[in-house]
Amino acid sequence: MKKSLNIFLETKLLEQQQQHLFRYFHARQNTFTSTAQYENKEYLAFTNNDYLGLSHHPAIKNAAQHAMEQYGVGSTAAHSIGGHCHAHDELEQALAQSTQRESALVFSTGYMTNLGVISALVNAEDRVFADRLVHASIIDGAHLSCAPLIRYHHNNISHLKLKLARYDQGHKLIVSESVFSMDGDIAPLHELIAVAQEHQAWLMIDDAHGFGVLGKQGGGCCEQFNLTADDVPILVGTLSKAIGCFGGFVAGSKTLIESVRQFARPYLFTTALPPLLAQAGLTSLEIVKTETWRREYLQDLIAYFRTRAAELNFPLMPSNTPIQPIVLGDNEKVMKIQNHLRERGILVAAIRPPTVPAQTARLRISLNVGHSKQDIDRLIDALKKEED
Ligand SMILES: *Cc1c(COP(=O)(O)O)cnc(C)c1O
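Residues numbered from 1 in each chain as written. Predicted model: local features only at pLDDT ≥ 70, side-chain atom pairs only at ≥ 80, totals over all residues. Heavy atoms only, no water.

**Brief notes about the overall build of the protein chain**
The helix and strand inventory of the protein chain stands at 14 helices and 14 strands. Taken over 388 residues, the protein chain has a buried fraction of 55%. When contacts within the protein chain are restricted to residue pairs at least 6 apart in sequence, those whose partners lie at least 24 apart make up 70%. Within the structure as shown, the protein chain displays about 17,900 Å² of accessible surface, and the carbon and sulfur contribution to it stands at 52%. (Helix = DSSP H or I, 4+ residues; strand = E, 2+ residues; numbered from the N terminus. Buried < 20%, exposed > 50% of the residue type's maximum accessible area, 1.4 Å probe, protein only. Contact = heavy atoms within 4.5 Å. Areas by Shrake-Rupley, 256 points an atom, 1.4 Å probe, with all protein chains shown as cover.)

Pasting the structure below:
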């Protein structure tokens, strides 16, 4: 006899709990860049991706308020049937400029951008080659496209070459992140570019954690490493992390952008991003460019964290970005330490499968310009108490 829906689901939920994989969704009462309040208690937070501390910037909030007066709260329709606004056009032009590309297209989220771009470019006859550690949205994008997904070992170019050499039919799309979201390390971009050219593959880079943080003006990995649109023809990013706002984007040639606009179902069949958020993003891009002290201070904090964290017995990852994970392996152990830290008033993210591969559960420490060196000292002292 078939189990009823609820009995079937209860079994699945119980399994999730037994494997220490259950996700908890605590509700926050407010946020500031470095702190968050839960149940009237204030915590020091190392959990957000607001690396430059822009989510509360007065000029950005002001821009959103003004746009709300002009456009209202919702965008009211999909882009193709009346939802498209001047604010979107302006944001797209600014994104093209920041990334030094001809053109850009804004999606509602970074997640939808990866779904839309990959599925607009390849189909079942093609192949997607993705780093073992890419974000779920890239995997889901490949699934949506129906192109078989081939994974290569993390940042392992010879393994990628081996995989590429096996296929000569259809188009090949190589996808990597610039800064890996759960590891904080940076892909060997120049090598990826060379391999893509050698194998006539298309290269797509997801700069979700590089845009705003990397490059003198925050233009991301392409600015930092001098990568042209010929090098990286398909560049994807988000406005929801260092930009402090909301939305995703793809940047590249006019032809690429027009094709994505025409063919990406996650662009076509959803309501446009509220224009107040587009206006906020536009203002934030200007601040990202001009307030260079934010990136400089962030680098100071990263260096300070790494010096202090070297005192711990916990292993550090080779990361020079604000993402500083401590890989512990065991799901239960990660949850236990996360809870102990919370009892001491400190929040860090416990990252477990399937966000990361099995046996690589970790504490993900995320630094931002709202933190002080004293905040880092407090975190390190609390971590010291967790060492066996
Ligand atoms: C966060 C993230 C996304 C999704 O971006 P959202 O705007 O949050 O939907 C995509 N790719 C990577 C690598 C990410 O870390």
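That was the structure; now back to the text.
**A few points about the site of the ligand**
Around the ligand, a shell composed of 14 residues is seen, among which Gly110, Asp206, His209, Thr238 and Lys241 lie nearest. Ser240 is positioned such that a nitrogen or oxygen atom in its side chain is 3.3 Å from an oxygen atom of the ligand. Residue Lys241 places a side-chain N or O atom 2.7 Å away from an oxygen atom belonging to the ligand. Taking 380 Å² as the accessible area of the ligand by itself, protein coverage stands at 86%. (Near = heavy atom within 4 Å. Polar contact = N/O pair within 3.5 Å; in protein donor to acceptor, adjacent residues only side chain to side chain.)

**Observations regarding the pairing of strand S10 (residues 248–252)**
One face of the sheet, then the other: side chains in a regular strand alternate in exactly this way. For S10, a buried count of five out of five residues is recorded, marking the element as mostly surrounded by other parts of the structure. Burial along S10 is two-sided: Gly248, Val250 and Gly252 and Phe249 and Ala251, pointing in opposite directions, are all buried. Examined bridge by bridge, strand S4 (residues 103–107) and S10 share five bridges and lie antiparallel to one another. Within the sheet, the bridge partner assigned to Val106 lies in S10 and is Phe249. Judged from the four bridges that link them, strand S9 (residues 234–238) and S10 form a sheet pairing that is antiparallel. Following the sheet pairing, Leu235 is matched in S10 by Ala251. (Pairing = 2+ DSSP bridges.)

**Some thoughts on the environment of His66**
Looking at the secondary structure, you find His66 in helix H2 (residues 58–71). The exposed category is assigned to His66, whose relative accessible area is 54%. Along the chain, His66 and Leu5 lie 61 residues apart, while their C-alpha atoms are 47 Å from each other.

**Observations regarding the packing of aromatic side chains**
Counted by the stated rule, this structure contains five aromatic pairs. A ring pair is formed by Tyr38 and Tyr43, whose centres lie 5.8 Å apart and whose planes are at 75°; its orientation type is edge-to-face. The pair formed by Tyr38 and Tyr43 is uniform in burial state, with each residue classed as buried. Their ring planes at 65° and their centres at 5.9 Å tell us that Phe129 and Tyr167 sit as a pair that is edge-to-face. (Phe/Tyr/Trp six-rings, centres within 6.5 Å; stacked < 30°, edge-to-face > 60°.)

**Some words on the sheet that holds strand S3 (residues 41–45)**
Pairing is mixed across the open sheet formed by four strands, whose spatial order is S1-S2-S3-S12. Of all the strands in the sheet, just strand S1 (30–31) and strand S12 (346–347) have a single pairing partner and so form its edges. The sheet contact formed by S3 and S12 spans two bridges and is parallel. Across the sheet, the residue bridging to Ala45 is Leu347, located in S12.

**Observations regarding the nonpolar core**
Looking at soluble globular proteins, one finds that nonpolar side chains tend to be buried together. Formed by 109 residues in total, the largest nonpolar core has its most connected members in Leu95, Ile174, Leu192, Val250, Ile365 and Leu383. For this core, the element with the highest residue contribution is helix H11 (residues 275–290), accounting for seven residues. (Core = buried A, V, L, I, M, F, W, Y, C linked by side-chain atoms within 4.5 Å.)

**Looking at the pattern of salt bridges**
Considering all chains together, one arrives at eight salt bridges under this definition. With a shortest N-O distance of 2.7 Å, Arg294 and Glu291 are connected by a salt bridge. Relative accessible area serves as the criterion here: at 21%, Glu291 is assigned to the partly exposed category. With a closest N to O distance of 2.8 Å, Glu311 and Lys384 form a salt bridge. Remark: Lys384 occurs in helix H14 (residues 373–384) and Glu311 occurs in the loop between helix H12 (293–309) and strand S11 (323–329); sequence separation between them is 73 residues. Using a relative accessible area of 42% as the deciding quantity, one classes Glu311 as partly exposed. (Salt bridge = Lys/Arg side-chain N within 4 Å of Asp/Glu carboxyl O.)

**Considerations on a nonpolar patch on the surface**
Where nonpolar side chains cluster on the molecular surface, the patch consists of Leu5, Phe8 and Leu9 and spans about 280 Å² of accessible area. Note that Phe8 resides in helix H1 (residues 5–18). (Patch = residues over 30% accessible without salt bridge, like charges linked within 9 Å, V, L, I, M, F, W, Y side chains within 5 Å.)

**Considerations on the packing of helix H3 (residues 86–99) against H11**
Two numbers describe how H3 lies on H11: the axes approach to 8 Å, and their chain directions differ by 30°. Compared by their axis directions, H3 and H11 come out roughly parallel. The element H3 and its partner H11 pack so that their crossing is left-handed. Along the contact surface, H3 presents Ala87, His88, Glu90, Leu91, Ala94, Leu95, Gln97 and Ser98, while H11 presents Pro275, Ala278, Gln279, Gly281, Leu282, Leu285 and Lys289. By residue class, the composition of the contact of H3 with H11 is eight nonpolar, five polar and two charged. (Axes fitted to C-alpha atoms, helices over the stretch in contact; angles between N-to-C directions. Parallel < 35°, antiparallel > 145°, perpendicular 65-115°, else oblique. Left-handed = near helix turned anticlockwise from the far one by under 90°. Nonpolar A, V, L, I, M, F, W, Y, C, P; charged D, E, K, R; others polar.)

**Some remarks on the environment of Ser240**
Along the chain, Ser240 turns up in the loop between S9 and S10. Distance from Ser240 to Asn49, taken between C-alpha atoms, is 7.9 Å for residues 191 residues apart in sequence. If near-sequence neighbours (up to four positions away) are discounted, Ser240 is found in contact with Cys245, Phe246 and Gly247. Here Gly247 takes part through its backbone nitrogen, which lies 3.2 Å from a polar atom of the side chain of Ser240.

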